[in-house]
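Structural features, examined
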Amino acid sequence: DELKEWEKREGKWPPVWVKSKIKENGGQLVANMEKSLVADGMDEHKISYRLSVNPGMILECGNYSCDPKRVLIILKDIRNIALDMQIGGKNVLRSYLLKNSMMWCMQKNDELTEEGLLMNTLELMGNYFSDGYMPDFFDEVSNLIANINDEIKAEVKNAIKDVAENINSVIDRCNLRQKELQ
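Residues numbered from 1 in each chain as written. Predicted model: local features only at pLDDT ≥ 70, side-chain atom pairs only at ≥ 80, totals over all residues. Heavy atoms only, no water.

Moving on, we get to the pairing of strand β6 (residues 139-143). Of the strand pairs in this sheet, strand β5 (residues 135-136) and β6 are connected by two bridges, and their pairing is antiparallel. Pairing of Pro-135 across the sheet is with Asn-143, part of β6. Linking β5 to β6, which pair antiparallel, is a turn of two residues. (Pairing = 2+ DSSP bridges. Helix = DSSP H or I, 4+ residues; strand = E, 2+ residues; numbered from the N terminus.)

This is the structure in structure tokens:
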């Protein structure tokens, strides 16, 4: 039942038809074992479940006031240029974390411009890393950053704050990098 709470959450976004499409076309339960549950004394052999959904389906819903896919591309460019923090050879800011933060922003305010969505997403991600808790859009109990140590969380939070404060120069660096790759 907890995995269905996102369907009942108030807000204009995502629209009802998108929620239905998710359930019809690929929303499924998958096994999920969080280290945070083990740390809280749960038997490590017990398995919890989460909803597995392609967030791209939601970002393409077409009922939003700007183009979320464009904002996601910009966020990924920013991540690669200014927020490239590695743990075990993988970027801390996985694509799913970017999409997840965007979805929370989109649900809270469906009237944002592209710039507004970008800045609100950066602010929200910074808050999540500051708080040490990023709820999964589809399962609010699940902390997507539970396995990241506090020192790295603080580094990410500070880096996100720096990007937000210097967004124009960061975007200029992204544009320059794209030109170099062409």
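All right, on to the environment of Cys-66 then. Mapped onto the fold, Cys-66 is located in the loop between α4 (55-59) and α5 (68-82). Sequence spacing of Cys-66 and Asp-110 is 44 residues, and the spatial spacing of their C-alpha atoms is 8.9 Å.

Under the definition given, this model contains three salt bridges. A salt bridge links Glu-114 to Arg-70; the nearest nitrogen and oxygen atoms lie 2.8 Å apart. In this pair, Glu-114 is assigned in helix α7 (residues 114-131) and Arg-70 in helix α5, connecting sequence segments 44 residues apart. For Glu-114, a relative accessible area of 26% translates into the label partly exposed. Put simply, Glu-180 and Arg-177 hold a salt bridge, and the shortest N to O gap is 3.4 Å. With a gap of three residues between them, Glu-180 and Arg-177 both fall in helix α9 (residues 167-181), about one helical turn apart. Overall, the relative accessible area of 51% leaves Glu-180 in the exposed class. (Salt bridge = Lys/Arg side-chain N within 4 Å of Asp/Glu carboxyl O. Buried < 20%, exposed > 50% of the residue type's maximum accessible area, 1.4 Å probe, protein only.)

Moving on: the nonpolar core. In this structure, Leu-117 and Phe-129 are the most contacted members of the largest nonpolar core, which totals 40 residues. When residues of this core are traced back to their parent elements, those giving at least two are α5, α6 (95-108), α7, α8 (150-165) and α9. What Leu-117 contacts, discounting residues up to four positions off in sequence, is Tyr-64, Cys-66, Pro-68, Val-71, Met-102, Cys-105, Met-106 and Leu-112. (Core = buried A, V, L, I, M, F, W, Y, C linked by side-chain atoms within 4.5 Å. Contact = heavy atoms within 4.5 Å.)

As a further point, take the packing of α5 against α9. Their axes nearest at 9 Å, the elements α5 and α9 cross at an angle of 90°. By the angle between their directions, the pair α5 and α9 is classed as roughly perpendicular. The segment α5 lies against α9, with Asp-77, Ile-78, Ile-81 and Ala-82 engaging Ile-167, Val-170, Arg-173, Cys-174, Arg-177 and Gln-178. For the contact of α5 with α9, the per-class residue count stands at six nonpolar, one polar and three charged. (Axes fitted to C-alpha atoms, helices over the stretch in contact; angles between N-to-C directions. Parallel < 35°, antiparallel > 145°, perpendicular 65-115°, else oblique. Nonpolar A, V, L, I, M, F, W, Y, C, P; charged D, E, K, R; others polar.)

Turning to its location among the elements, Leu-112 is positioned in the loop between α6 and α7. Separated by 45 residues in the primary sequence, Leu-112 and Asp-67 have C-alpha atoms spaced 10.0 Å apart.

Now for the side chain of Asn-100. Along the chain, Asn-100 turns up in helix α6. The residues touching Asn-100, leaving out its near neighbours within four places in the chain, are Met-134, Pro-135, Asp-136, Phe-137 and Leu-144.

At a closest axis distance of 10 Å, the pairing of α5 and α6 adopts a crossing angle of 135°. Our classification of the angle between α5 and α6 gives oblique. Note on packing geometry: the crossing formed by α5 with α6 is right-handed. Between α5 and α6, the contacting residues are Pro-68, Val-71, Leu-72, Leu-75, Lys-76 and Arg-79 on the first element and Ser-95, Leu-98, Lys-99, Met-102 and Met-106 on the second. (Left-handed = near helix turned anticlockwise from the far one by under 90°.)

Residues at a pLDDT of 70 or more form 68% of the protein chain, whose mean pLDDT is 78. Put simply, helix α3 (residues 35-39) is where the protein chain has its lowest mean pLDDT, 45, and α7 is where it has its highest, 95. When the criterion is pLDDT under 50, residues 31-49 qualifies, and its contacts beyond four places in sequence or with other chains add up to 27 contacts. (pLDDT = per-residue confidence, 0-100.)

With that out of the way, let us pick up α8. An ideal rise of 1.5 Å per residue puts 22 Å on 16 residues; α8 measures up with 23 Å between its terminal C-alpha atoms. The backbone nitrogen of Glu-151 lies 3.0 Å from a side-chain oxygen of the residue at the head of α8, namely Asn-149. (Expected span 1.5 Å × (residues − 1). Polar contact = N/O pair within 3.5 Å; in protein donor to acceptor, adjacent residues only side chain to side chain.)

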